[in-house]
Amino acid sequence: MKATARLLPFIWVAFFFCSCSSMLPVNSYYEKAGTLQKGNTEISGHATGYSVSHFDRTEQTSNSYGLRVGHGITDKLDLKFRYENQSYTRNFDNRLKSVQYFSFIPKYAVEQGRLSLLLPISTYFTRYEIEGNTYKENYASLTPMVIYTLTNRSNKADLSLGMKYDLIFGQEGNSFFGGFLGAGFSSNLDKWAIRPEVGVSLADRKETYWNYGIGLQFILPRSK
């Protein structure tokens, strides 16, 4: 009996991680199809809120803050790095305290300024608290994505539609299909932009998650 009692906490933790993980994938990108162009550098920051729809009601799940840096390798290829800090509300899951998200993002322009493909390769570092104890879990993800953008002639506003598929390794309910609609406003989109965005993500569990936020992007020209 004593041995069984000692094993109970471990059995509970294993059951929790195998069946009850409620971590949500990042579904906001504040991106356009256009690449940075060779030698240019991007620095951007953003804030995002997430909510979930349950039958006849919608409740907030989390808030996140992040930053991204990128560099134009060629006129058609960018490489970017992104960090995100996500915190969850007690009403949604009082065990999941925080998620640290790191992502390496290759971006390739199929049609310059109009259509691009991205493949974020990411890791989620999660922290749970159960009965006063802290537990940590890591998940890897792969997210094929496509972005299509329309830009006005003055290069002061654009509109982007993105679609992506999240495959998360090590978490039950490990696939999510998502989409987002974003815009950019600036005096010159080649130099900076304010980027509001809304998105939706559908989970294996048939739940619908919404995200909404705003980003600020700066593009630094290459030194000559």
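For the structure given in this document, a descriptive report is provided here.

**Concerning the packing of aromatic side chains**
Alright, step 1. The final tally for this structure, using the stated rule, is five aromatic pairs.
Alright, step 2. Summarising the aromatic geometry, the rings of tyrosine 29 and phenylalanine 180 are spaced 5.4 Å apart at their centres and angled 35 degrees between planes, so their arrangement reads as tilted. In this pair, tyrosine 29 is assigned in the loop between helix 1 (2–19) and strand 1 (41–54) and phenylalanine 180 in strand 10 (residues 175–185), connecting sequence segments 151 residues apart.
Alright, step 3. Note on phenylalanine 81 and phenylalanine 102: the rings are 6.3 Å apart at their centroids and 40 degrees apart in plane angle, and the pair reads as tilted. In this pair, phenylalanine 81 is assigned in strand 3 (residues 77–88) and phenylalanine 102 in strand 4 (residues 96–111), connecting sequence segments 21 residues apart.
Alright, step 4. Of the residues examined, phenylalanine 81 reaches a relative accessible area of 37% and is grouped as partly exposed.
Alright, step 5. Pairwise contacts between aromatic rings join Phe81, Tyr83, Phe102 and Phe125 into one cluster.

**So, the pattern of salt bridges**
Alright, step 1. Applying the stated criterion across every chain yields a total of seven salt bridges.
Alright, step 2. Put simply, aspartate 166 and lysine 164 hold a salt bridge, and the shortest N to O gap is 2.0 Å. Taken individually, aspartate 166 and lysine 164 each receive the classification buried, so the pair is uniform in this respect.
Alright, step 3. Through salt bridges that share partners, Glu31, Glu42, Arg68, Lys80 and Lys107 make up one connected network.

About the thresholds
Within every chain, residues take consecutive numbers counted from 1 along the sequence as written. Two thresholds apply to this predicted model, a pLDDT of at least 70 for residue-level local features and 80 or more for giving and counting side-chain atom pairs, whereas whole-chain, interface and lining totals are computed over all residues. Calculation of side-chain values draws on the structure's entire complement of heavy atoms; hydrogens and water are dropped beforehand. Only the six-membered ring of Trp is used, alongside the rings of Phe and Tyr, when aromatic pairs are assigned; centres must lie within 6.5 Å, and planes under 30 degrees apart are stacked while those over 60 apart are edge-to-face, with the rest tilted. For helices the rule is a DSSP run of H or I covering at least 4 residues; for strands it is a run of E covering at least 2, with both sets numbered from the N terminus onward. Burial classes follow relative accessibility: with a 1.4 Å probe on protein chains only, a residue under 20% of its type's maximum area counts as buried, one over 50% as exposed, and anything between as partly exposed. Note on definitions: salt bridges are taken to be side-chain nitrogens of Lys or Arg within 4 Å of carboxyl oxygens of Asp or Glu.

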